[in-house]
Amino acid sequence: MADIAGNFLLDKRVRRQLIARNPTTPAQYEAILYFADDASSTYQIRQWFGPMLKLSERHPVAVLVHKATTAAAVMKNCPLPVYLTSSINEVEQFVSAHGVRAVFYVNNNQANFTVLRLTGPAHIHLSHGESDKVSMASNQLKAYDFSFIAGEASRQRILANVPRLDPDKLVEIGRPQFDDVVEAPPNNDAGRVTVLYAPTWEGDRDAMAYGSAASHGPALVRALLADPRYRLIFRPHPRTGVRLRSHGESVKLIDSLIASAAKKSPDAGHYRDHDADFNGAMAQADICICDISAMAMDWLPRGKPLLITKPIEPAAVVDPRGITSVVPVLEAADADRTPSVLDALRSRPISVEQLDLIRHHFGETEAGASTRRFLLAVDRAMQESSL
């Protein structure tokens, strides 16, 4: 009973806060970004705030969230109006009252499929990053009117693994997030080479076990902290340790190692990145070490050295023609040799194969190209939904 009462009070408080921050007069929202997950997964929706803000200049956008705890987390830095819609009735009323023509989704939460019953707006799947993860090709994509994908690599992956999917549902838009330029903050590296270590989480099953926090992390971090030429930024996936305690314990250990190193050598600039947006850490880094993940793909167009960890789980699905076929790979057994591996990596230029991989995954990546494709794709989807 106490939990029910607490949830009721939280819901009531959050709704009051949302009323205070949202527009005071009823508005028309032609598009909504719908999110049904909990607060620990808000990284999925935050990366779309920039593109949605640009979209709102021509088609007003609102963010609808399913849980009060998520709304409380999102509204702190969301540049768009946020509404708490805890039931399908509330979603349906919002869509009807505000003239919604498109609904966007960044994952395949079960609650999405309740909202999909609404026949008026176009339902568009966005995902929350481009990667070689096996989860990127799902039969669930058939439920949406359109899936906006990054590029040809995604199209090939989906069509090869999802039979009977209409290829016209797949719309290539690149990665609009690349157009949200983040300037690097003033250097705090004492002349060191900055390394971003950004492991993904352990995944929800063995086929998705790409996370390196437990297998590579402690040895990798100890080696980098011991080398005066390198500065470390550590940014683990926010869901690390949710399924496997060993991954969460490794993050705690790495945090303690960084805290100790920072205390011993304050000028070195080592730190754990807690920022909601990963672009700041990426802007500072000279090299990235990460797993098979969207972080790896987002790093690629920067044209800087990238090192991918090799999963130790035999059942982890690795695309033989994917990123690990082009980008150097770090074995767990070599994690304690990371500085020397990075030395060799820094000494050679970005390969032609890596540049081809960027084009294969994202198409054109010059400034503004993806945003233009995204906005045009939304216009076309809205036009089709109104026919």
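Going by the structure above, here's the rest.
Quick caveat: nothing in here was measured; it's all calculated off a predicted structure.

Enquirer: Explain the pattern of salt bridges residue by residue, including any values.
Expert: What the rule picks out here adds up to 16 salt bridges. Ionic pairing is found between Asp-273 and Arg-235, a salt bridge with its closest N-O pair at 2.5 Å. Of this pair, Asp-273 sits in the loop between strand 10 (271–272) and helix 10 (279–284) while Arg-235 sits in the loop between strand 9 (230–234) and helix 9 (245–264); the two residues are 38 residues apart in sequence, bridging distant segments of the chain. Between Asp-334 and Arg-337 there is a salt bridge; the shortest N-O distance is 3.6 Å. Several salt bridges share partner residues, and in doing so they unite Asp-11, Arg-15 and Glu-90 into one network.

Enquirer: Help me get a handle on the pairing of strand 1 (residues 31–35), residues and values and all.
Expert: Extensive coverage of strand 1 is indicated by the burial of 5 of its 5 residues. Two elements, strand 1 and strand 2 (residues 61–65), share 5 bridges in a ladder whose sense is parallel. For Phe-35, the partnering residue across the bridge sits in strand 2 and is Val-65. Relative to strand 4 (residues 102–105), strand 1 runs parallel, the two being bridged by 4 bridges.

Enquirer: Give a detailed account of the side chain of Arg-157, specifying residues and quantitative values.
Expert: Mapped onto the elements, Arg-157 comes out in helix 7 (residues 152–161). Judged by relative accessible area, which is 12%, Arg-157 ranks as buried.

Enquirer: So what's going on with helix 9? Residues and values would help.
Expert: The terminal C-alpha atoms of helix 9 lie 29 Å apart, and with 20 residues this matches the ideal 28 Å at 1.5 Å per residue to within 8%. Within helix 9, the full set of buried residues consists of His-247, Gly-248, Ser-250, Val-251, Ile-254, Leu-257, Ile-258 and Ala-261. Taken together, the buried residues of helix 9 touch strand 8 (193–198), helix 8 (217–225), strand 9 and strand 10.

Enquirer: Break down helix 13 (residues 352–362) for me, citing the residues and quoting the values.
Expert: At 3.6 residues per turn, the α-helix brings residues three or four places apart onto the same side. Those residues of helix 13 not exposed but buried are Gln-354, Leu-357, Ile-358, His-361 and Phe-362. Along the axis of helix 13, the buried residues cluster in a sector spanning 100°; they form a single face. Exposed residues pointing more than 90 degrees away from the buried face of helix 13 are listed as Val-352 and Glu-353. For helix 13, the elements touching its buried residues are helix 7, helix 11 (294–299) and helix 14 (369–385). One or two residues past the end of helix 13 sits Gly-363, with phi positive at roughly 70°.

Enquirer: Talk me through the packing of aromatic side chains; I want residue IDs and the actual numbers.
Expert: By the definition in use, this model includes 11 aromatic pairs. Between Tyr-29 and Phe-94, the ring centres sit 5.7 Å apart and the planes meet at 15°, which makes this aromatic pair stacked. Of this pair, Tyr-29 sits in the loop between helix 1 (2–21) and strand 1 while Phe-94 is found in helix 5 (residues 88–98), placing the two residues 65 residues apart along the sequence. For the pair formed by Tyr-29 and Phe-94, the shared burial category is buried. Here a set of aromatic residues connected by ring pairs shows up, and it is made of Tyr-34, Tyr-105, Phe-113 and Tyr-144. The ring of Trp-201 carries the charged tip of Arg-239 above its face, separated from the ring centre by 4.9 Å.

Enquirer: Account for the sheet that holds strand 7 (residues 170–172), with residues named and values stated.
Expert: Taken in spatial order, the 7 strands make up an open sheet running 3-2-1-4-5-6-7, and their pairing is parallel. Every other strand in the sheet has two partners, leaving strand 3 (82–84) and strand 7 as the edge strands with one partner each. Adjacent strand axes in the sheet meet at a mean angle of 30° when their direction is disregarded. Helix-sheet contacts for helix 14 involve strand 1, strand 4, strand 5 (122–125), strand 6 (146–149) and strand 7, and the interaxial angle to strand 6 is about 175°.

What counts and how
- Residues numbered from 1 in each chain as written.
- Predicted model: local features only at pLDDT ≥ 70, side-chain atom pairs only at ≥ 80, totals over all residues.
- Heavy atoms only, no water.
- Salt bridge = Lys/Arg side-chain N within 4 Å of Asp/Glu carboxyl O.
- Helix = DSSP H or I, 4+ residues; strand = E, 2+ residues; numbered from the N terminus.
- Buried < 20%, exposed > 50% of the residue type's maximum accessible area, 1.4 Å probe, protein only.
- Pairing = 2+ DSSP bridges.
- Expected span 1.5 Å × (residues − 1).
- Contact = heavy atoms within 4.5 Å.
- Arc of directions from axis to C-beta.
- Phe/Tyr/Trp six-rings, centres within 6.5 Å; stacked < 30°, edge-to-face > 60°.
- Lys NZ or Arg CZ within 6 Å of the ring centre and 35° of its normal.
- Axes fitted to C-alpha atoms, helices over the stretch in contact; angles between N-to-C directions.

So far we have only geometry, and geometry alone does not tell us how the molecule works.
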